[in-house]
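Coordinate inspection notes
Here's the letter readout for the chains.
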Amino acid sequence: MGNESLKNKTEIVKTLLAYGADPSVLRTGAQNTPPITVPMSATAQPVSTKEKVDDADDRYKRESIVTIRPSPRSESIPAVQVAPPTRQLTITRNPEIEYFMSRAAELPPKQLEALRNAGFDPLTRMPFRMVGQDLVLQELLRVLARHSQRGDTSPVSIIFAGPSGHGKSLLSRSIGELLRVPAHTVNMTNLRTQDELLQSRSLATASSENVNLAGFLEMHEGKRCAVILEEIEKVGDKSAANTLLMPWELGKLNTPTRVYDTSKVIWISTSNAGEDIVFDFEQHRGDRQCTRNEYLDLATRIRRRLIESLGASLVSRITTVLPFLAFTDAEKLALAHQHLPPHTLSNTELDMLLDKIIQDYIPSEGVRSIQRAVERHYEEELW
C-alpha cells in the first residue's frame, strides 16, 4: 500500500479484498513488532485499526503498517517468516481504494453456507467489481441463499430495473464470469415471436460460441448457465416474452421441434422500467440512507410497473425484482477517480478536479455522464 510506484494498485487491493483480506490490518505504530510465523496459505485476519490524519501536513495521507495474523489452517502446511515493515507507510489519497476498503463486510454464516452449497459463493466477490448498488447485491445474495436453502428446483429469474448507466449490464455479465459459467446475451428490443427470440445470437463479443439462443440452450442443457435478456420491457410483442412462461416456472422450454431442459439456467433481465419511480424515491429520500424495508417497498412499486408492460402472468414468475439506485457522493468520487488517466496531481488538485467532475453527474445517464466529464476535462487541457 505504501509503494507509490506500484502499478495497478487499485486492482491489487480490490482482488485482495474480494478474496477475504481484512482492511483492519492497516494500522499505525507497532514498529518494533518481531517477525511472526504464518502458514503459506494464511489469510489476513483482523488485528486492530487506527488511522491518523495529519491535517497540518496533508489531510489525505494515512500512515499505516500491515500486520498479519496466522490463519487457523492445517499444521502440515509449511510456514514462512514474515517480517513487519521497518518504517511507517505513507498512503496517498485514492478515493477508489478508500471506497472499496469501506465495502469489506462479512455475510451471516448461514447465508454463506447456503451460497457455498449451491456454488453461488463466488458472487460474494461482486462488491469489489462494481461501484454502488449495495442493496442490490445484498438482496441478490439473500434471494440466492434462500432459493438454495429451500432446495428449490424452480429456475432463478431476476430483473434488474432502474435508470441507465448504474450497473445493470455490468452486474448481469459479472454473474456469469464469477460463477465461471457460459452466458448468452439477447437484446429483446422489437422481438415479436418465439422464433425470433430463439434465433437471437449473443451480443457478447467475447463469446466463443457463435450460436443462437436455441443452440446455446441445447449445448448447455441441464447445466448451469446464464441467459441475459437486455431491455426486456421493450419487447416488440408479448408473444416473444410469453415464451419465457414455462422456462421461468417449470424449467422447460417448449418449441415446435423439441423440449429444452432449462432448469439450471439463471435468467437475468434488465429494464429501464420504473426509472421515474426511482428518481421520485431518491428525491424524497434526500441524503438519508435507504433502509431495507424502503428498498423492498420500492421493488414492489417497480414490479407493478413491469406488470403494465409485460403482463402479470410473466412478472409473477420472476423470482425477484431488484431496483438500481442513483449513486451516492462517495460512489461518484470513486467512479470519477476510476476513469481518470494516470496523473501526478497533488491531493488538493485531485480533490478540486473530482469535485468538478461529479458536479456533471446526471442521474438519468449514470456513469456515462461522469465518463463524459472526465473526457471533456482532458480535451480542454489537450487543445
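**Thoughts on the overall build of the protein chain**
- A tally of helices and strands in the protein chain yields 15 helices and twelve strands.
- Across the 383 residues of the protein chain, 45% fall into the buried class.
- Expressed as a percentage of contacts within the protein chain between residues at least 6 apart in sequence, the contacts between residues at least 24 apart total 74%.
- When the accessible surface of the protein chain is totalled, it reaches about 20000 Å², and 50% of it is carbon and sulfur.

**What about helix α2 (residues 95–102)?**
- For α2, the set of buried residues is P95, E96, I97, Y99 and F100.
- On its buried face, α2 is in contact with α1 (9–18), α4 (134–149), α13 (329–338) and α14 (347–358).

**Thoughts on the packing of aromatic side chains**
- As enumerated under the stated definition, the model contains three aromatic pairs in all.
- Between the aromatic rings of Y99 and F100, the centroid separation amounts to 5.2 Å while the plane-to-plane angle is 75°, which identifies the pairing as edge-to-face. Comparing Y99 with F100, the two get one shared label, buried.
- R224 extends its terminal NZ or CZ atom over the ring of F120, reaching a point 4.1 Å from the ring centre.
- The aromatic ring of Y260 is capped on one face by R258, whose charged end is 4.4 Å from the ring centroid.

**Observations concerning the packing of α13 against α14**
- At a minimum axis separation of 9 Å, α13 and α14 run at an interaxial angle of 110°. Classed by the angle they form, the pair α13 and α14 counts as roughly perpendicular. Every residue of α14 that contacts α13 at K332, L333, A336 and H337 is listed here: L350, L354, D355, I357 and I358.

**Some points on the packing of α2 against α13**
- Here α2 crosses α13 at 130°, and the two axes come no closer than 8 Å. With respect to α13, the axis of α2 lies oblique. As α2 runs across α13, the sense of the crossing is left-handed. From α2, P95, E96 and Y99 reach across to α13, where they touch A330, E331, L333, A334, H337 and Q338.
- Residue composition of the contact of α2 with α13, by class: five nonpolar, two polar and two charged.

**A look at the environment of G176**
- Counting through the fold element by element, G176 comes out in helix α5 (residues 168–179).
- A sequence separation of 50 residues divides G176 from A226, and the C-alpha atoms of the two residues are 6.1 Å apart.

**As for the pattern of salt bridges**
- Applying the stated criterion across every chain yields a total of 18 salt bridges.
- A salt bridge links E221 to R258; the nearest nitrogen and oxygen atoms lie 2.7 Å apart. Taken as a pair, E221 in the loop between α7 (213–219) and β8 (225–230) and R258 in the loop between β9 (252–254) and β10 (259–261) lie far apart in primary sequence, 37 residues in all.
- For E221, a relative accessible area of 27% corresponds to the partly exposed category.
- Taking relative accessible area as the criterion, R258 reaches 27% and is therefore assigned partly exposed.
- The salt bridge partner of R305 is E308, with a shortest N-O separation of 3.8 Å. Of this pair, R305 and E308 both sit in helix α11 (residues 292–310), separated by three residues, roughly a single helical turn.
- Note on R305: relative accessible area 27%, which makes it partly exposed.
- Given a relative accessible area of 60%, E308 falls into the exposed group.
- Through salt bridges with shared partners, a single network forms among E11, K14 and E96.

Criteria and thresholds
Residues numbered from 1 in each chain as written. Predicted model: local features only at pLDDT ≥ 70, side-chain atom pairs only at ≥ 80, totals over all residues. Heavy atoms only, no water. Helix = DSSP H or I, 4+ residues; strand = E, 2+ residues; numbered from the N terminus. Buried < 20%, exposed > 50% of the residue type's maximum accessible area, 1.4 Å probe, protein only. Contact = heavy atoms within 4.5 Å. Areas by Shrake-Rupley, 256 points an atom, 1.4 Å probe, with all protein chains shown as cover. Phe/Tyr/Trp six-rings, centres within 6.5 Å; stacked < 30°, edge-to-face > 60°. Lys NZ or Arg CZ within 6 Å of the ring centre and 35° of its normal. Axes fitted to C-alpha atoms, helices over the stretch in contact; angles between N-to-C directions. Parallel < 35°, antiparallel > 145°, perpendicular 65-115°, else oblique. Left-handed = near helix turned anticlockwise from the far one by under 90°. Nonpolar A, V, L, I, M, F, W, Y, C, P; charged D, E, K, R; others polar. Salt bridge = Lys/Arg side-chain N within 4 Å of Asp/Glu carboxyl O.

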